Amino acid sequence: MNALVEYLLRLGDDRLVLGHRLSEWCGHAPILEEDIALSNIGLDLLGQAAGFLGLAGEVEGLGRDADALAFGRGATELRNVQLVEQPNGDFAHTIARQVLFDTASLAVLEQLAGAKHAKLAELAAHAAKETRYHVRHGRDWFVRLGDGSAESHTRTQRALDSLWIFTPELLEADAVDAELGRAGIGADLASVRAGWRREISALIEQATLRQPEDPPYPATGGRRGVHTEHLDHLLSNMQCVARAHPEARW
Amino acid sequence: MSAEQPDSQWPLWEVFVQEKTGDPHEHAGSLHAPDGELALQAARDVYARRGPVVSLWVVESEHIVSTTPADSPSFLEPGPEKIYRHPRFYTGPRSTKNTARKK
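So, how was this worked out
- Residues numbered from 1 in each chain as written.
- Chains lettered and ligands numbered in written order.
- Predicted model: local features only at pLDDT ≥ 70, side-chain atom pairs only at ≥ 80, totals over all residues.
- Helix = DSSP H or I, 4+ residues; strand = E, 2+ residues; numbered from the N terminus.
- Buried ≥ 20, exposed ≤ 12 C-beta atoms within 10 Å, placed from the backbone.
- Contact = placed C-beta atoms within 7 Å.
- Rg over C-alpha atoms; globule rule 2.2 N^0.38 Å.
- Nonpolar A, V, L, I, M, F, W, Y, C, P; charged D, E, K, R; others polar.
- Pairing = 2+ DSSP bridges.
- Axes fitted to C-alpha atoms, helices over the stretch in contact; angles between N-to-C directions.
- Left-handed = near helix turned anticlockwise from the far one by under 90°.
- Core = buried A, V, L, I, M, F, W, Y, C linked by C-beta atoms within 7 Å.
- Expected span 1.5 Å × (residues − 1).
- Bend = angle between axes of the 7 residues up to and from the residue.

Draft legend 1. Structural view of the overall build of chain B. For chain B, the count of helices and strands is two helices and three strands. Counting only residues that meet the buried cut, chain B has 14% of its 103 residues in that class. Pairs at least 24 residues apart make up 45% of the contacts formed inside chain B by residues separated by at least 6 positions.

Now the structure itself:
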């Protein structure tokens, strides 16, 4: 497959899956204001996914649009990192997952905003603007939960401990990244990774939490379609209407 | 699980939005938040996600000093008979049209 299509699917699928996860909070968040905030962030991510997947379909040239890519592929065809498919857990778990993803995502998007591919650069610049707010929201909550009550501290530490194994995959580079890097399109993940590590370590310290040990065997494989069991459940929910009524219009 | 529970509802905040530079900040509504920064975040999502907004203010409701209904007759009596207090006899110059809120 064309490396650019693959790259765009990764960008789109990360946001599609995480956006859907956040939509699961709708009507269930701890307070009304957060219900709206998480739904807004979820909608932003779905909008970004629609842009990246739409462009992937165009570049692919097989007549698949964003909907076909979002609702017509099974788990082994999805290219998202495993972090974003992890279940919501409690509020601290969702915030920890969000801040880990958003900080890495923003660093990548800011580089992609200068990509030598006008359409991708434009989508990335727009997504970066939205993601700056997501990061602010996530950081604010992460610090308040970590440095909050004994209960919120314990829960946030537990969330960080259980999600840490998924973080190396966030900025892991493979042949697709290398190829796009040579073409001046992809982000330089090595430089992004160093900055991200510093940012997250400082944030964890600010939240009075303990940074987990780096996992000897990180969870990885999402970019090749290897996922945790949670993605199948998510997709069966997300895709059931589109699969039951493939030609439906509304 | 620890037994530590939140003592009660978070404080109430009043939200004021400014739709364009030079306009007054207008009261949009209220919300609950644990502190000012998170009140701004929530205000952004609840009151500023549709339509243009250039500035947001939040203030804790308990910091607003207000009149009470009992004050009304003596304190707020509008004095309709004191017509000389109502500067309605002037036409303002065109250049000042943006200083008053358009309705």
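Following the structure, the description resumes.
Draft legend 2. Focus on the overall build of chain A. What chain A contains, in helices and strands, is 11 helices and zero strands. Listing each helix as α and each strand as β along chain A from the N terminus yields α-α-α-α-α-α-α-α-α-α-α. Since a compact globule built from 250 residues should have a radius of gyration of about 18 Å, the 17 Å found for chain A is in line with a globular shape. With the C-alpha coordinates of chain A rotated into their principal frame, the extents come out at 55 × 40 × 35 Å. The buried share of chain A, taken over its 250 residues, is 45%. For chain A, the proportion of contacts with a sequence separation of at least 24, taken over those separated by at least 6, is 75%.

Draft legend 3. Up close: the interface of chain A and chain B. Facing the 12 residues of chain A at the interface are 14 residues of chain B. Contributions of two or more residues to the side of chain A that touches chain B are made by helix H2 (32-60), helix H6 (118-146) and helix H7 (150-163) of chain A. Broken down by element, the side of chain A that touches chain B gets its largest block of residues, four residues, from H2(A). Looking at the side of chain A that touches chain B residue by residue, the classes come out as four nonpolar, four polar and four charged.

Draft legend 4. Local environment of the sheet that holds strand E2 (residues 26-32) of chain B. Residue and element names in this part refer to chain B. If you walk across this open sheet you meet the three strands as E2-E1-E3, and the pairing is antiparallel. The open sheet has two edge strands, E2 and strand E3 (55-60), and neither has a second partner. Each strand axis lies, on average, 25° off the axis of its neighbour in the sheet, ignoring direction. Inspection of the sheet shows strand E1 (residues 12-18) paired to E2 by six bridges, in the antiparallel sense. The partner of Phe-16 across the bridge, within E2, is His-27. Packed onto the sheet, helix H1 (residues 36-47) meets E1, E2 and E3 and runs at close to 125° relative to E3.

Draft legend 5. Representation of the packing of helix H5 (residues 91-112) of chain A against helix H10 (residues 189-206) of chain A within the structure. Residue and element names in this part refer to chain A. Across the interface, H5 lies against H10 with an axial gap of 10 Å and an inter-helix angle of 145°. Judged by the sense of rotation from one axis to the other, the crossing of H5 with H10 is right-handed. For the pair H5 and H10, contact is made by Thr-103, Ala-104, Ala-107, Val-108 and Gln-111 and by Val-192, Gly-195, Trp-196, Glu-199 and Ile-200, respectively. Residue composition of the contact of H5 with H10, by class: six nonpolar, three polar and one charged.

Draft legend 6. Summary view of the environment of Ile95(A). All names here are of chain A. You can see Ile-95 is positioned in helix H5. The class of Ile-95 is buried, set by 26 C-beta atoms lying within 10 Å. The sequence separation of Ile-95 and Val-143 amounts to 48 residues, and the corresponding C-alpha distance is 10 Å. The contact partners of Ile-95, leaving out residues within four places of it in the chain, are Gly-138, Trp-141, Phe-142 and Leu-145.

Draft legend 7. Inspection of the environment of Ala190(A) at higher detail. Positionally, Ala190(A) belongs in helix H10. Along the primary structure Ala190(A) and Arg144(A) are separated by 46 residues, whereas in three dimensions their C-alpha atoms are 30 Å apart.

Draft legend 8. View of unusual backbone geometry. Although it is not a glycine, Thr208(A) adopts a positive phi angle of roughly 55°. You can see Thr208(A) is positioned in the loop between H10 and helix H11 (230-244).

Draft legend 9. Structural context of the nonpolar core. Residues and elements named next belong to chain A. Formed by 81 residues in total, the largest nonpolar core has its most connected members in Leu-53 and Ala-96. No other element matches H5, which puts 13 residues into this core. Not counting residues within four places of it along the chain, the set of residues in contact with Leu-53 comprises Gly-12, Leu-16, Ala-66, Leu-69 and Ala-70.

Draft legend 10. Structural context of H11(A). All names here are of chain A. The first and last C-alpha atoms of H11 sit 21 Å apart over 15 residues, in line with the 21 Å expected at 1.5 Å per residue. For H11, the principal kink sits at Met-238 and spans about 45°. Among the residues making up H11, those that are buried are Leu-231, Leu-234, Leu-235 and Met-238. Looking at the buried side of H11, the elements it contacts are helix H1 (3-23) and helix H4 (82-85).

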